[in-house]
Amino acid sequence: MTPQIFDLVSAPGFTLERLASGQLLLTSAQGEQHAGVVPVRAFPIAAPDEGISLVSTEGREVAWIPQLQDVPPAERALLQEDLALRDFVPQILSIKSVSTFATPSVWAVETDRGDTTFVLKGEEDIRRLSRTALMIAGGEGVQYSVPDMGALDRASRKLLERFL
């Protein structure tokens, strides 16, 4: 029998708790339990707090959260902890240096998680999300965000513009 997917916000009475193993346990209002659920954002960049799915250990969606802000505070805090671990996207605050204006090049940047370096393999690894927002794929697989190019210092904007 396939478990029914339910909307957590419109189905009051659910509980979400962290087990001793660190996994999340979802209990529906009807008493159906799902151990090891994982929250997954439908739109992690464009709408991070909208459309969150809770997926079972078998990879099946067991619950849907249209708006994270509508979830009770205790459960919301648990979900936000797991989502923060899953969606590691450092934000670039400044570009300190670029090894060369040809690719591949090594970038030294300051992020909201500290200073780091990464290899930009090609200009196609810089993706525009909007007029001012960018996503930059580092060579080791980490995605870096620039939510507003205009907020970067002048030297950082000049370096970045050479690749756009």
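Refer to the preceding data block for the structure.
Since the structure is predicted, the reported quantities are computational estimates derived from the model, not experimental observations. (Residues numbered from 1 in each chain as written. Predicted model: local features only at pLDDT ≥ 70, side-chain atom pairs only at ≥ 80, totals over all residues. Heavy atoms only, no water.)

1. Points about the overall build of the protein chain
For step 1, the next point in the chain: Across its full length, the protein chain carries 2 helices and 12 strands.
For step 2, the next point in the chain: Listing the helices and strands of the protein chain from first to last along the sequence gives β-β-β-β-β-β-α-β-β-β-β-β-β-α.
For step 3, the next point in the chain: Computed over C-alpha atoms, the radius of gyration of the protein chain comes to 20 Å, more than 25% over the 15 Å expected from 2.2 N^0.38 for 164 residues, which places it beyond the range of a compact globule.
For step 4, the next point in the chain: Considered along the principal axes of its C-alpha atoms, the protein chain spans approximately 60 × 25 × 25 Å. (Helix = DSSP H or I, 4+ residues; strand = E, 2+ residues; numbered from the N terminus. Rg over C-alpha atoms; globule rule 2.2 N^0.38 Å.)

2. Observations concerning the packing of aromatic side chains
For step 1, the next point in the chain: Inspection of the entire model under this criterion finds 4 aromatic pairs.
For step 2, the next point in the chain: With centroids separated by 5.0 Å and ring planes inclined at 50 degrees, the aromatic side chains of tryptophan 107 and phenylalanine 163 adopt a geometry described as tilted. Placement of tryptophan 107 in strand S8 (residues 105–111) and of phenylalanine 163 in the segment after helix H2 (154–161) is noted, with a sequence separation of 56 residues between them.
For step 3, the next point in the chain: Tryptophan 107 gets classed as buried once you look at its relative accessible area, which sits at 0%.
For step 4, the next point in the chain: When its relative accessible area of 3% is taken as the criterion, phenylalanine 163 is described as buried.
For step 5, the next point in the chain: Above the ring of phenylalanine 101, the side-chain terminus of arginine 162 is found at 3.8 Å from the ring centroid. (Phe/Tyr/Trp six-rings, centres within 6.5 Å; stacked < 30°, edge-to-face > 60°. Buried < 20%, exposed > 50% of the residue type's maximum accessible area, 1.4 Å probe, protein only. Lys NZ or Arg CZ within 6 Å of the ring centre and 35° of its normal.)

3. Quick notes on unusual backbone geometry
For step 1, the next point in the chain: A cis geometry characterises the amide bond from threonine 103 onward to proline 104, with omega recorded as 5 degrees.
For step 2, the next point in the chain: Looking at the element boundaries, proline 104 is found in the loop between strand S7 (92–98) and S8.

4. With respect to the pattern of salt bridges
For step 1, the next point in the chain: For the structure shown, the criterion picks out 2 salt bridges.
For step 2, the next point in the chain: The salt bridge partner of arginine 18 is glutamate 81, with a shortest N-O separation of 3.1 Å. Separated by 63 residues along the polypeptide, arginine 18 in strand S2 (residues 15–18) and glutamate 81 in helix H1 (residues 73–86) bring together distant segments of the chain.
For step 3, the next point in the chain: Among the residues examined, arginine 18 registers a relative accessible area of 30% and is labelled partly exposed.
For step 4, the next point in the chain: Between aspartate 82 and arginine 18 there is a salt bridge; the shortest N-O distance is 3.0 Å. Placement of the pair is aspartate 82 in helix H1 and arginine 18 in strand S2, with a sequence separation of 64 residues.
For step 5, the next point in the chain: Assessed through its relative accessible area of 18%, aspartate 82 is described here as buried.
For step 6, the next point in the chain: When salt bridges with common partners are traced through the structure, they connect Arg18, Glu81 and Asp82 into a single cluster. (Salt bridge = Lys/Arg side-chain N within 4 Å of Asp/Glu carboxyl O.)

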